[in-house]
Amino acid sequence: MSPTALRLSSASRWRVTGSLPGFGASLGFTLFYLGLIVLMPLAMVVLRTFDLSWFEFVAKVSSPRALSAFKISFGAALIAAAINVLVGLLLAWVISRYRFPGKKIIDALIDLPIALPTAVAGIALTTLYAPKGWLGQWLLPLGIQVAFTPLGIVLALVFVGLPFVVRTVQPVLQDIEHETEEAAISLGASPVQTFLRVTLPTIAPALITGFALAFARGVGEYGSVIFIAGNMPMISEITPLLIVTQLEQYDYAGATALALVMLIASFALLLLINLLQSRLAARGQP
Amino acid sequence: MKRYGEGRQWPQTLLIVAALVAAGVLLVLPLLVVLTGAVAKGWTVYFAAIHERAALAALQLTLTVAAIAVPLNLVFGVVAAWCIAKFEFPGRSALITLIDLPLAVSPVISGLIYVLLFGAQGVFGGWLGEHGFRIIFAVPGIVLATIFVTFPFVARELIPVMQQQGREYEEAALSLGASGWQMFRRVTLPNIKWGLLYGVILCNARAMGEFGAVSVVSGHIRGKTNTLPLHVEILYNEYNHTAAFAVASLLALLALITLALKSWVEARARSERQTAIIARADEDLL
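The model shown is predicted, which means the values in this text are computed figures rather than measured ones.

S.K.: Explain the overall build of chain B to me, please; I cannot follow it from the model alone.
M.R.: When you go through chain B residue by residue, the secondary structure sums to 13 helices and 0 strands. Computed over its C-alpha atoms, the radius of gyration of chain B comes to 24 Å, more than 25% above the 19 Å expected for a compact globule of 286 residues. Seen through its principal axes, chain B has C-alpha atoms that stretch 70 × 65 × 30 Å. Within chain B, buried positions represent 51% of all 286 residues. Excluding contacts between residues fewer than 6 apart, the proportion of contacts in chain B whose partners are at least 24 apart in sequence is 72%. When the accessible surface of chain B is totalled, it reaches about 13300 Å², and 65% of it is carbon and sulfur. One finds the centroid of the 21 positive side-chain charges in chain B at a distance of 5 Å from the centroid of its 17 negative side-chain charges.

Below, the structure is given as structure tokens:
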């Protein structure tokens, strides 16, 4: 505890003015709780990886099964995030620009993937797209099988990632200066030209941020995917599932090595997203 | 007032129809398939599935876990937001990033880290075993994993709200002789109540619905360490689909209540902000 105490005593000097109370205590509690619940447990992944030699570590994370799981997790998340940008833009556009019956309900339902437990989403999507399901029975004759294939993984990730794009783009679309768009129109630009030259550049940062958020969520997603994926090693096995499988086989070292790679990737993504969001916030200010 | 994009009849209709189809397929159908699947064999079977002993035990555990995790993260959220929003200190933005970290981590890894700490092979596993404490494959592990995944929810809602409020009101209260606690209760709390409620609603939904992290630490002991989402998985994997959807319908209901509350809080917060603006404008006129 002494490093925290040390930090606290020097912390009191940072206070801008001595006006509001509770800085030392609140910062101390925040650091303590953060350390206890988040940082110390996460540090275990790094520490336990040191049980392995470098050679063993590389062997664990570059086995054919691990490599294909990484490829599937990152690949499916990338495709799903791209689809989310298109579908999310459509929904955000229609909700923020047009009036139509049921708009309030659709607007509220956009957050369903965040509110609905992932296991429920998983069994619901699987049932819908199974060969005999409501949608699966129509897709099968067309030669499209979604459930129990990599396509199912992409679909589940599109579901969980959708709110991230809509909720990032929607406020920007609502705040956009209509005068600029109307000026373009009155100068003879077609609606498509106006969208491509005026609207799209304005919302591009929000779209990129939404893409990154959806991608970050998709890479680590587990619950909604495992029911619909089929979970065939080398074909439709995502990295989080491989980690669980290795844990169940008491291969702690293997699970930890894979987890470290994923942690580094998600930490890098988090930093990128923070950077994007601070740029977005700076743009929003007049 | 006509906005750009309005009034052009058929492209607009086309976009609205496309958005409705996308929302219908991606959001409404999964919800419908859960609700119809739950009552597919009639209401008697539905109520029997919910009243079954293991289902009730799972419901009780889910409520217990949320009742511990949500208040803890609520207190943390208020305290962390206080020091981050009201004071300037070096490392402040790094602290915000660290608080957001659990959102970027795969749920599976959120469970794994506690297995590495407290599992039989974990750092404290030996000591815990000797003294007869069980954390992993027991309720404390489920609580810890849930606290981890819901860690940032309240804090990240409150930080921007508190920052926007500034420090003047609190400073005024103190200079008028209020104690720290009076200042918090009479000035800070009324200002942040909607943000606080919003964060708690999201935190609770995730706490009750978490699957991946809880799945890793639970051990899936029926009637003992199964939460509702884990119980859904077990029933589904046993091909007891009707019962799985019946239990899932409870979680879907929770999601719908969450969305309704969320929309209500957003609307209340918006109308209060407008009233405040009008009141301020009136004062200016006088």
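S.K.: What am I meant to see in the overall build of chain A here?
M.R.: Of the regular secondary structure elements, chain A holds 14 helices and 0 strands. Element order for chain A, N to C, with α for helix and β for strand: α-α-α-α-α-α-α-α-α-α-α-α-α-α. A burial count over chain A gives 53% of its 286 residues as buried. For chain A, contacts bridging at least 24 residues in sequence account for 73% of all contacts bridging at least 6. Total accessible area on chain A is roughly 12900 Å²; 70% of this is exposed by carbon and sulfur atoms. The averaged location of the 13 negative side-chain charges in chain A is 3 Å from the averaged location of its 17 positive side-chain charges.

S.K.: Mind showing me how you'd approach a negative patch on the surface here?
M.R.: Residues Asp 175, Glu 177, Glu 179 and Glu 182 of chain A make up a contiguous surface patch of negative charge. In this structure, Glu 179 of chain A sits in helix H10 (residues 178-186).

S.K.: Help me understand the interface of chain B and chain A in this model?
M.R.: Accessible area lost upon the coming together of the parts serves often as the stated size of an interface. Each side of the interface is counted separately: chain B has 90 residues, and chain A has 88 residues. Interface of chain B and chain A: buried area, both sides summed, is about 8100 Å²; carbon and sulfur atoms make up 80% of it. Between Asp 111 of chain A and Lys 262 of chain B there is a salt bridge; the shortest N-O distance is 2.4 Å. Sort the elements by how many residues they give to the side of chain B that touches chain A and helix H1 (residues 9-38) of chain B lands first, with 19 residues. Classifying every residue of the side of chain B that touches chain A gives 64 nonpolar, 14 polar and 12 charged.

S.K.: In this structure, what is going on with the pattern of salt bridges? I would like to understand it.
M.R.: Opposite charge on two side chains permits pairing when their charged atoms draw close. Inspection of every chain in the model, using the stated rule, returns 16 salt bridges over all chains. Among the salt bridges present, the one from Arg 206 of chain B reaches Glu 210 of chain B, with a minimum N-O distance of 2.7 Å. You can call Glu 210 of chain B buried: its relative accessible area is 5%. Residues joined in a network through salt bridges with shared partners are Asp 107, Asp 111 and Arg 167 of chain A together with Lys 262 and Glu 266 of chain B.

S.K.: What am I meant to see in the packing of helix H13 (residues 239-248) of chain A against helix H5 (residues 107-118) of chain B here?
M.R.: Relative placement of two packed helices is described by the angle separating their axes and the distance separating the axes. The contact between H13 of chain A and H5 of chain B brings their axes to 10 Å, and the two run at 25 degrees. The pairing of H13 of chain A with H5 of chain B is recorded here as roughly parallel in orientation. When the axes of H13 of chain A and H5 of chain B are compared, the crossing they make is left-handed. Contacts between H13 of chain A and H5 of chain B involve Pro 240, Ile 243, Val 244 and Leu 247 of chain A from the former and Val 108, Ile 109, Leu 112 and Val 115 of chain B from the latter.

S.K.: Can you walk me through the packing of aromatic side chains in this structure?
M.R.: How two aromatic rings sit relative to each other is set out by the distance from centre to centre and by the angle between their planes. Following the criterion strictly, the structure yields 23 aromatic pairs over all chains and no others. Consider the rings of Phe 70 of chain A and Phe 74 of chain A, whose centres lie 6.4 Å apart with planes at 50 degrees: the pair is tilted. Of this pair, Phe 70 of chain A and Phe 74 of chain A both sit in helix H4 (residues 64-97), 4 residues apart, roughly one helical turn. By relative accessible area, Phe 70 of chain A is classed as buried at 11%. Aromatic pair Phe 227 of chain A and Tyr 236 of chain B: ring centres 5.6 Å apart, planes at 85 degrees, arrangement edge-to-face. Linking Phe 227 of chain A in helix H12 (residues 223-229) with Tyr 236 of chain B in helix H12 (residues 228-237), this pair reaches from one chain into another. Here a set of aromatic residues connected by ring pairs shows up, and it is made of Phe 23 of chain A together with Trp 82, Phe 87 and Phe 89 of chain B.

S.K.: Help me out: how do you make sense of a nonpolar patch on the surface in this one?
M.R.: There is a patch of nonpolar side chains on the surface, built from Phe 29, Phe 32, Leu 36 and Met 40 of chain A together with Val 75, Val 123 and Phe 124 of chain B and spanning about 570 Å² of accessible area. Mapped onto the elements, Leu 36 of chain A comes out in helix H2 (residues 23-49). Leu 36 of chain A gets classed as partly exposed once you look at its relative accessible area, which sits at 43%.

S.K.: Just checking my understanding: could you explain helix H4 (residues 92-104) of chain B for this structure?
M.R.: One full turn of an α-helix is made of 3.6 residues, so residues set three or four places apart face in the same direction. When the terminal C-alpha atoms of H4 of chain B are compared, their 19 Å separation across 13 residues agrees well with the 18 Å that a helix rising 1.5 Å per residue should span. Taken together, the buried positions of H4 of chain B are Arg 92, Leu 95, Thr 97, Ile 99, Asp 100, Leu 101, Pro 102 and Ala 104 of chain B.

Conventions adopted
Here, residues in each chain are numbered from 1, in the same order as that chain's written sequence. Whichever chain is written first becomes A and whichever ligand is written first becomes 1, with later ones labelled in order. Whole-chain, interface and lining totals are the exception, using all residues; otherwise, since this is a predicted model, local features are given only for residues with pLDDT of at least 70 and side-chain atom pairs are given and counted only at 80 or more. Side-chain numbers here rest on the full set of heavy atoms in the structure, without hydrogens or water. Starting at the N terminus, helices and strands are each numbered in turn, a helix being any DSSP run of H or I of at least four residues and a strand any DSSP run of E of at least two. The atom set for the radius of gyration is the C-alpha atoms, and the globule formula is 2.2 Å times the number of residues raised to the power 0.38. Buried residues are those whose accessible area, probed at 1.4 Å on protein chains only, stays under 20% of the maximum for their type, while exposed residues exceed 50% and partly exposed ones sit between those limits. Only heavy atoms matter for contacts: two residues are in contact if any of them lie within 4.5 Å across the pair. For the accessible areas, the method is Shrake-Rupley and the probe is 1.4 Å, while residue cover comes only from the protein chains on display. Here Asp and Glu are counted as negative and Lys and Arg as positive; His is not counted, and neither are the chain ends. A single reference atom marks each charge: NZ on Lys, CZ on Arg, CG on Asp, CD on Glu. Residues qualify for a patch when their relative accessible area is over 30% and they have no salt bridge, like charges being joined within 9 Å and the nonpolar side chains of Val, Leu, Ile, Met, Phe, Trp and Tyr within 5 Å. Definition used for salt bridges: Asp or Glu carboxyl oxygen within 4 Å of a side-chain nitrogen of Lys or Arg. When two components associate, each loses some accessible surface as probed by a 1.4 Å sphere; the sum of these losses over both components is called the buried area. Residue classes follow a fixed rule: Ala, Val, Leu, Ile, Met, Phe, Trp, Tyr, Cys and Pro count as nonpolar, while Asp, Glu, Lys and Arg count as charged, and any other residue, Gly among them, counts as polar. Angles run from 0 to 180 degrees between N-to-C directions of axes, and those axes are lines fitted to C-alpha atoms, restricted for helices to the stretch in contact. Every angle not falling under 35 degrees, over 145, or within 65 to 115 is termed oblique; those three ranges are roughly parallel, roughly antiparallel and roughly perpendicular. A clockwise turn of the near helix away from the far one marks a right-handed crossing, whereas an anticlockwise turn of less than a right angle marks a left-handed crossing. Note on aromatic contacts: the rings of Phe and Tyr and the six-membered ring of Trp form a pair at centre separations within 6.5 Å, being stacked when their planes are under 30 degrees apart, edge-to-face when over 60 apart, and tilted otherwise. Here the expected span of a helix is defined as 1.5 Å times the quantity of residues minus one.

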